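# Summary of structural features
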Amino acid sequence: MNDRIPVAVLGVGEHGRKHAREFKQIAGANLVGVYDLRPERRREVAAQLEVRAFETLEEALGAVRAASVVIPTTDHATVARQAFARGVDVLLEKPITRTLEEAEELIAQAGQEGRILQVGHLERFNPGVQAARARTHNPLFFEVHRLGVFSPRSLDVDVVFDLMIHDLDLVLWMVNSPVREVRAVGLPVLTDKVDIANARVEFENGAVANFTASRVSTEKIRKFRFFQPYEYFSIDFSRRDAMMVKVNHDGPSPRIDFQKLETTPVDPLRAELEAFVECVRTRRAPLVGGQEGKQALALAEKVMDCIEQHAALVNLRLGRSAGQSGES
């Protein structure tokens, strides 16, 4: 296909390799090559996928129209700015940037230069989320658990920016109302960062959401439950499905109906990358653009501010890093 979009993956750690492998399978994309600060890593991945191992960032940006940026968040703004200046569209892994100021600058630059800026909140592409979102009209209460077992990956980042931010983005998307109040508590367990956190977020329209995120649990749980008048939805991110529960008044007495929502069996990362390639081709706005990425980061920052205030109250020391997340 001569109309395939030439793409590169910048940063091929564990998650970046997944991006690269998926791009190889996407019909509308042509994975030209990969770049990583570690020469042995980029050459290894390039050899495995039979693509170029770019020696410099400049070489990579000069060879493609679009790039996945899968690097530590501290470098997101710098790399994205260079990409935009070279006319390259960008998919930035979450969080969008290290600070809100950087996010605003990137959003402005993307707008001025007509570039696509997509942010990697891939749970929006989860089939269960897509199915439940289509039936959502007035969600007022959310109960969200994203629990994982201990892993050495991403231990330089607080769990709020590593895990909880996925769910903060989803609730912001579904509620579509300004945040009124945030309360939160978080604790270091196995690192000096926040390893487990709980947040309660109230919105101006009256909706309330409780979030729990942990990377020190005994089992992996990815549950997202929400209620709207007379209906209850349960999404399982791992199974990628969703169920709706409501009262059926047909018949002599009311009964509870459980309806498994129809879903399309797709991998969320594949769907996210396919959507990015299509946005590059058509120039339409991404499902998760710069503004959405900035809103999720802003709420995550509020949650961390509350956690830090609580930690100071109980004389608990936290080691918050300068940059929050990403791959090394």
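Residues numbered from 1 in each chain as written. Predicted model: local features only at pLDDT ≥ 70, side-chain atom pairs only at ≥ 80, totals over all residues. Heavy atoms only, no water.

### Some points on the sheet that holds strand E3 (residues 52–53)
Pairing is parallel in the open sheet, where six strands are placed in the order E3-E2-E1-E4-E5-E6. With one partner strand each, in any of the chains shown, E3 and strand E6 (117–120) form the two edges of the open sheet. Note that strand E5 (residues 89–93) and E6 share four bridges and pair parallel. Looking at the pairing, Val-90 lines up with Leu-117 of E6. (Pairing = 2+ DSSP bridges. Helix = DSSP H or I, 4+ residues; strand = E, 2+ residues; numbered from the N terminus.)

### Concerning unusual backbone geometry
Looking along the chain, the bond that leaves Lys-94 and enters Pro-95 is cis, with omega of -15 degrees. Tracing the sequence through the fold places Pro-95 in the loop between E5 and helix H5 (100–113). You will see that Asn-176, though not glycine, has its phi angle at about 55 degrees, which is positive. With respect to the secondary-structure elements, Asn-176 resides in the loop between helix H7 (159–175) and strand E8 (179–187). Assessed through its relative accessible area of 68%, Asn-176 is described here as exposed. In this model, Tyr-230 sits at a positive phi of 70 degrees, which is unusual for a non-glycine residue. Position of Tyr-230 relative to the elements: it lies in the loop between strand E11 (221–228) and strand E12 (231–236). The class of Tyr-230 is exposed, set by a relative accessible area of 79%. (Buried < 20%, exposed > 50% of the residue type's maximum accessible area, 1.4 Å probe, protein only.)

### A few points about the nonpolar core
Ranked by size, the top nonpolar core spans 76 residues in total, and within it Leu-10, Phe-142, Phe-211, Phe-224, Ile-235 and Val-303 carry the most contacts. Among the elements that make up this core, the one with the highest residue count is H7 (13 residues). In terms of nonpolar packing, the next biggest core, distinct from the first, is built from 25 residues, Val-7, Leu-49, Val-51 and Ile-116 among them. (Core = buried A, V, L, I, M, F, W, Y, C linked by side-chain atoms within 4.5 Å.)

### With respect to the packing of aromatic side chains
Under the counting rule described, the total for this entry stands at seven aromatic pairs. With 5.8 Å between their ring centres and 75 degrees between their planes, Phe-142 and Phe-224 make a pair best called edge-to-face. Remark: Phe-224 occurs in strand E11 and Phe-142 occurs in strand E7 (residues 141–147); sequence separation between them is 82 residues. When sorted by exposure, Phe-142 lands in the same class as Phe-224, which is buried. Among the aromatic residues, those joined into a cluster by ring pairs are Phe-142, Phe-224, Phe-226, Phe-233 and Phe-237. Just above the ring of Trp-173 sits the side chain of Arg-133; from NZ or CZ to the centre is 4.7 Å. (Phe/Tyr/Trp six-rings, centres within 6.5 Å; stacked < 30°, edge-to-face > 60°. Lys NZ or Arg CZ within 6 Å of the ring centre and 35° of its normal.)

### Notes on the confidence of the model for the chain
Here the chain shows a mean pLDDT of 93. Residues at 70 or above account for 96%. With pLDDT under 50 throughout, residues 322–326 is counted as low confidence; its partners more than four residues away or in other chains account for 21 contacts. (pLDDT = per-residue confidence, 0-100. Contact = heavy atoms within 4.5 Å.)

### Brief notes about the pairing of strand E2 (residues 29–35)
Within E2, six of the seven residues are buried, which leaves it mostly tucked inside the rest of the structure. Note: strand E1 (residues 5–10) against E2, six bridges, orientation parallel. Its bridge partner being in E2, Leu-10 is matched across the sheet by Tyr-35. Remark: the E1/helix H1 (residues 14–25)/E2 crossover connection has right-handed handedness. (Right-handed = clockwise from strand over helix to strand, strands pointing away.)

### A look at the pattern of salt bridges
Oppositely charged side chains can form a pair if their charged atoms are brought close together. Applying the stated criterion to the full structure yields 29 salt bridges. Residue Glu-44 is joined to Arg-17 by a salt bridge in which the shortest nitrogen-to-oxygen separation is 3.5 Å. Of this pair, Glu-44 sits in helix H2 (residues 39–49) while Arg-17 is found in helix H1, placing the two residues 27 residues apart along the sequence. The partly exposed category is assigned to Arg-17, whose relative accessible area is 21%. Note that Arg-81 is salt-bridged to Glu-105, the shortest N-O span being 3.4 Å. Taken together, the residues Arg-81 in helix H4 (residues 76–85) and Glu-105 in helix H5 connect sequence positions 24 residues apart. The class of Glu-105 is partly exposed, set by a relative accessible area of 45%. Through salt bridges with shared partners, a single network forms among Lys-223, Asp-236, Arg-239, Asp-241 and Lys-260. (Salt bridge = Lys/Arg side-chain N within 4 Å of Asp/Glu carboxyl O.)

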